[in-house]
Amino acid sequence: MEQNLYSIRMRAAKGGAHKKGGKHISGGEMLLPYEEIKKGVNTLIDKGFTHSKGKPNYMKITVEQVESPVQLLAPLHININEVKTVQEGQQLAQNLLIKSGVPQITIEKAYHTLSLIKEIRGAILIDNHSGERVDGRAEKGVRVSQMDWNQQHFMKWAQRQNIPFNVRLLEALSLATKVANHPNTIAELCWSDDPDYITGYVASKELGYQRISKLKNYGDERGCRIFFIDCSTTIGTYIHYLEKIPVLLDSEENNDR
Ligand code: WAQ
Ligand code: MG
């Protein structure tokens, strides 16, 4: 079957291109039919140019027709955890990681690795067994691409869950669902690098999307995206899945978990 899907990716930086040492401001990825390319590109332009991290003077947008067949995935089950303090949120995140099968020592090593990174625009991949970083992508990290969730479908889903519309949730749940559905993913830990967004999550196939209301303080521009993975198969294949295999979320009622 001929597919009519296009991957759109955006990244924006300030003080020059990313390659020339510019500060990463924003990125975004969408997966849309031909008819919605224009709208998608506009959305990403707005996203990049109206960002709390500053106004970029470099932006790159890539549009590519998708080659491989698209996989439809049901969104991860969502659970909302309200915490009072960052400390409580961080403690909960670590408990959830341990529950997913991440060893305590791996968590400690991962936080140490994170603390040494000044800035990153993708995810870091941590070997669940050794606790070592294994993606080899330096300040670039691995950017998960080629995933999306039809906005109308998302809105219907959010209404059923009694959650107000939130585009970040659409993006984060799309990414987390794609990542968690790979058999080598043990768990994901994430919070935003945007100074005005403090909510984050831990996700895994079994625990679902465990949203945590507070994982950092306002004003903090240090974000986090860590995938704890089982490295028994080649990392190249895993990264290929993250970057190149198209995934759409299917949340029509009979597919909800
Ligand atoms: N692939 C890999 N890593 C990414 C990607 C991607 N497509 N997008 C962002 N990152 C990494 C990158 O290092 C960023 O610095 C970091 O994650 C944070 O990205 O309310 O908004 O887009 O339930 O700032 C989660 C909670 C919000 C949503 C996460 O992340 C909710 C967020 P941001
Ligand atoms: Mg951000």
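What counts, and where the lines are drawn
- Residues numbered from 1 in each chain as written.
- Chains lettered and ligands numbered in written order.
- Predicted model: local features only at pLDDT ≥ 70, side-chain atom pairs only at ≥ 80, totals over all residues.
- Heavy atoms only, no water.
- Patch = residues over 30% accessible without salt bridge, like charges linked within 9 Å, V, L, I, M, F, W, Y side chains within 5 Å.
- Areas by Shrake-Rupley, 256 points an atom, 1.4 Å probe, with all protein chains shown as cover.
- Salt bridge = Lys/Arg side-chain N within 4 Å of Asp/Glu carboxyl O.
- Lys, Arg positive; Asp, Glu negative; His and termini not counted.
- Charge placed at Lys NZ, Arg CZ, Asp CG, Glu CD.
- Helix = DSSP H or I, 4+ residues; strand = E, 2+ residues; numbered from the N terminus.
- Contact = heavy atoms within 4.5 Å.
- Pairing = 2+ DSSP bridges.
- Axes fitted to C-alpha atoms, helices over the stretch in contact; angles between N-to-C directions.

Examining a positive patch on the surface
A contiguous patch of positive charge, built from Lys19, Lys20, Lys60, Lys140 and Lys244, is present on the exposed surface. Its place among the elements puts Lys244 in helix α6 (residues 235-244).

Let's talk about the environment of Cys190
Within the secondary structure, Cys190 sits in strand β8 (residues 185-191). Once you skip the residues sitting within four places of it in the chain, Cys190 turns out to touch Gly200, Tyr201, Leu215, Cys224 and Arg225.

Quick word on the sheet that holds strand β9 (residues 200-204)
Pairing in this open sheet of 6 strands is mixed, and the strands run β5-β10-β9-β8-β11-β6 from one edge to the other. The open sheet terminates on both sides in strands that have one partner only, identified here as β5 (78-81) and β6 (124-127). Averaged over all neighbouring strand pairs, the angle between strand axes comes to 15 degrees, with direction disregarded. Direction of pairing for β6 relative to strand β11 (residues 224-229): parallel, over a ladder of 4 bridges. Bridge pairing in β11 links Asp127 to Ile229. The sheet strands contacting helix α2 (residues 86-100) are β5, β8, β9, β10 (208-212) and β11, and the helix crosses β8 at an angle near 170 degrees. Against the sheet, helix α3 (residues 104-116) touches β6, β8 and β11, its axis set at about 150 degrees to β6.

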